[in-house]
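# Observations on the model geometry
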Amino acid sequence: MKLNSEARAIYKSIREEIKKRIQLRESLDYLDKFEPTNDKNEILRRQAYFKENLPKITPELKEILAEIKSIRFKKDFLHDRLLVVDESEIEKAQALGVCEVSTEPLEGHDLILSTIGIGIDVELSISEIAPELYIMPLWENRKTLKALVQIGNLLGKKSVAEPILEKLKELEEVMKRRELLEHLDEMIAKEEKKLNEKIAEKLEKFSLTLTGKELLEFLKELREGNYDTIFKHFSEIESEILEEINEVEKQLSEKLNFTVELFSRENLYPVEVPPESIEALRRELERELKVEMYLKSREILAEIKHLIPKLKDEISKAYELEFLRAVKEFTEGFTFPELIEGGIAFINGGHLFIKNPQPVSYVVGEAPVKFDNVNGERVVILTGANSGGKTSLLELISQIVILTHMGFPVNAEKTWVEVLDELFFFKRKRSIYGAGAFETALKSFVRALTNDGRKLILIDEFEAITEPGAAVKIIAELLKIAYEKGFYVIIVSHLGEDLKKELPFARVDGIEAQGLDENLNLIVDRQPKFGVLGKSTPELIVEKLYRTKRGKEKEIFERVWRAFT
Ligand SMILES: Nc1ncnc2c1ncn2[C@@H]1O[C@H](COP(=O)(O)OP(=O)(O)OP(=O)(O)O)[C@@H](O)[C@H]1O
């Protein structure tokens, strides 16, 4: 379906409304599949799709879907491992491109894998050589997996994320240690500090327990060359300190699942861990964890690899579900239009961008709905009060027509729409006057009339850019052409009376102001009266000014107002 630039702007604002409700970037692509179309079957197909799927959306899905992230399995070159293969396999192994390949063991790798029995046995496949490339993205996206499980439960379809998560649990232990390794320095520094505080306390207590009597005893033993006793006394404290050190090392070993000997026994106070010992420990731990990580990943992958294509499927289904959820949120209270031939009509349509709009019903052409004073007119002149809602009505009609052609439910209680080839919306340009503006407007209006096809042409006050006399002639002639070509036209005009004389086939509708409310605001019935010329009621504006102004101005407004009464 073709839209002129102002109709396209309305389409864009509708898209924006849906877009801003979509929480996942990947779901935005679905919106592109719903461009307005003039293919009736396609519209019916889209309606069937929404009718089937929108009821599945429940409110709980919003929060769960927000957790979904795409899981990317990227190929990467792992520098920590070497693959040793036979001369004949070298090309194939290199083509995998995931790690260094050689025909003999080389120095400097944490992991040696091999097809010829030098190191851990592997086959020539990425999942055997670098299983972490699959397992790590899954591990890092556990939130997505959990969300998929929840979505599955809500929709009554078991998710493959469930067995994947179950298997990934086997990785928890290694991962915990990996995390500890990241904080190794802090952890050791903390233990070191705690230990030194404890030793300081012990030393202080010990020095207090050395009484004067004991001191004299020591001197005696010393004189007699009885060093053992003295040594025994002092070594008590030394063994207590060593015990403390052992205890701390035991705890660290348990945490890291690795025998740790860090503290120097040479210097007992303050105890110190030499930086090179920490470094050596880190290297050792890293190496061990790498091997463990590799083996566990490989084992897990062997069991879940076949589930990955299904998982990818589920994720793209989740993106689609998020699109549908946003559509459902946007179209709450909307209904599906019926596709008919011969006209466009709706009952109680609500403008999308007016807060608490008064619902409006409208018809152009023939539709299976009866309104008084309506006889299937295809050309309508919309007249009436200033700020009555004429422009807003044209916008509402565009919104309903565009949503229909997108295959969406529409913002009205009941709707009938003929499938169209083109929608034109000519907006009034308030600020541009003069020959240039007139010429441009005339050209685009004529362009809208040239080709054949099923068209709806909406025009907002064409006469504003030329003088009323000429405007009647021009508009009347153009509307005759539109009528002859079978186009639907709704034109806002203050020249309703004059145009009606020229165009017997056209209907004139009117939006009317009913008076002023207690705050002197215009009370307008936004529902146009069919077949009735709408008065523009400037006397109400005059009355408002007379009632709100003071002094000399008030007197003048009063005189003008009296002229109406
Ligand atoms: N159905 C409605 N319900 C509530 N408010 C509405 C409705 N239609 C229009 N309005 C409000 O009325 C005001 C005037 O609307 P609009 O500009 O469409 O009137 P208009 O008849 O085109 O005015 P003008 O004669 O100045 O061109 C706007 O503020 C709009 O939000």
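Remember, predicted model here, so these are calculated numbers, not experimental data.

About the cut-offs
- Residues numbered from 1 in each chain as written.
- Predicted model: local features only at pLDDT ≥ 70, side-chain atom pairs only at ≥ 80, totals over all residues.
- Heavy atoms only, no water.
- Core = buried A, V, L, I, M, F, W, Y, C linked by side-chain atoms within 4.5 Å.
- Buried < 20%, exposed > 50% of the residue type's maximum accessible area, 1.4 Å probe, protein only.
- Helix = DSSP H or I, 4+ residues; strand = E, 2+ residues; numbered from the N terminus.
- Domains from an automatic or database assignment.
- Contact = heavy atoms within 4.5 Å.
- Pairing = 2+ DSSP bridges.
- Axes fitted to C-alpha atoms, helices over the stretch in contact; angles between N-to-C directions.
- Near = heavy atom within 4 Å.
- Polar contact = N/O pair within 3.5 Å; in protein donor to acceptor, adjacent residues only side chain to side chain.
- Areas by Shrake-Rupley, 256 points an atom, 1.4 Å probe, with all protein chains shown as cover.
- Nonpolar A, V, L, I, M, F, W, Y, C, P; charged D, E, K, R; others polar.
- Phe/Tyr/Trp six-rings, centres within 6.5 Å; stacked < 30°, edge-to-face > 60°.
- Lys NZ or Arg CZ within 6 Å of the ring centre and 35° of its normal.
- UniProt positions renumbered as here; feature names shortened; annotations may be inferred.
- 1 Å grid on protein atoms, 1.4 Å probe; cavity = no way out; pocket = protein on both sides within 12 Å on 5 of 7 lines; lining within 4 Å.
- Points joined across faces, edges and corners; volume = space filled by probe spheres on them.

### Quick look at the nonpolar core
Counting 124 residues, the largest nonpolar core has I18, I68, L311 and F323 as the members making the most contacts within it. A total of 11 residues in this core trace back to one element, the largest contributor, which is helix α15 (residues 308-330). Looking at which domains feed residues into this core, each of domain 1 (184-273) and domain 2 (338-534) gives three or more. Ignoring sequence-local partners within four residues, the contact set of L311 consists of I71, L138, L145, L148, V160, A161 and I164. Core analysis: the next-biggest nonpolar cluster, separate from the first, contains 27 residues, F424, I457, L478 and A482 among them.

### Remarks on the sheet that holds strand β1 (residues 2-3)
What the 7 strands build is an open sheet, ordered β1-β11-β12-β13-β9-β14-β15; its pairing is mixed. Only two strands of the sheet have a single neighbouring strand rather than two, namely β1 and β15 (522-529). Two elements, strand β11 (residues 422-426) and strand β12 (residues 455-460), share 5 bridges in a ladder whose sense is parallel. Across the sheet, the residue bridging to F424 is I457, located in β12. On the sheet, helix α1 (residues 5-19) packs against β1 and β11 and is oriented at approximately 100 degrees with respect to β11. The strands touched by helix α16 (residues 390-406) within the sheet are β1, β9 (379-384), β11, β12, β13 (488-492), β14 (507-516) and β15, with β12 carrying the most contacts at an inclination of about 160 degrees.

### Comments concerning the site of the ligand
For the ligand, the set of nearby residues contains 15 residues, the closest of which are Q358, K390, T391, S392 and R428. Within the backbone of S387, a nitrogen or oxygen atom sits 3.0 Å from an oxygen atom of the ligand. A distance of 3.0 Å is found between an oxygen atom of the ligand and a backbone nitrogen or oxygen belonging to G388. Contact with the protein chains removes 74% of the 630 Å² of surface that the ligand exposes when unbound. Broken down by element, the residue count for the shell around the ligand peaks at 3 residues, all from α16. Grouping the constituent residues of the shell around the ligand by class yields 4 nonpolar, 7 polar and 4 charged.

### Observations regarding the side chain of S361
With respect to the helices and strands, the residue S361 is situated in strand β8 (residues 360-365). Accessibility expressed as a relative area gives 8% for S361, which makes it buried. A distance of 2.9 Å separates a polar atom in the side chain of S361 from the backbone nitrogen of N348. Not counting residues within four places of it along the chain, the set of residues in contact with S361 comprises F346, I347, N348, F371, Q527, P528 and F530.

### Structural notes on the packing of aromatic side chains
In the structure shown here, the tally under the stated rule is 16 aromatic pairs. Ring geometry for F424 versus F426: centroids 6.0 Å apart, planes at 20 degrees, classification stacked. Overall, the relative accessible area of 8% leaves F424 in the buried class. A network of ring pairs unites the aromatic residues Y30, F34, Y49, F50, F323 and F408 as a single cluster. Looking at R507, its charged tip hangs above the ring of Y362, at a distance of 5.7 Å from the centre.

### As for the UniProt feature "binding site: ATP" (unreviewed entry) in the protein chain
Here, the residues flagged by UniProt with the feature "binding site: ATP" (unreviewed entry) are G384, A385, N386, S387, G388, G389, K390 and T391. Within the fold, G388 resides in the loop between β9 and α16. Given the relative accessible area of 0%, G388 is considered buried. Leaving out residues up to four positions away in the same chain, G388 has contacts with I511, V524 and R526. Looking at where G389 falls in the secondary structure, it is placed in the loop between β9 and α16. Those residues in contact with G389, other than ones at most four positions away along the chain, are I511 and R526.

### Observations concerning the layout of surface pockets
The computed volume of the largest pocket comes to approximately 530 Å³. For the lining of the largest pocket, the secondary structure elements donating two or more residues are β2 (78-84), α7 (132-140), α10 (172-182) and α14 (275-304). A per-element tally of the lining of the largest pocket places α7 first, with 5 residues. A per-class count over the lining of the largest pocket returns 7 nonpolar, 2 polar and 12 charged. If you add up the space inside the second largest pocket, you get close to 460 Å³. Lining the second largest pocket we find 19 residues, and of these L155, K157, E314, K317 and A318 sit closest to its centre.

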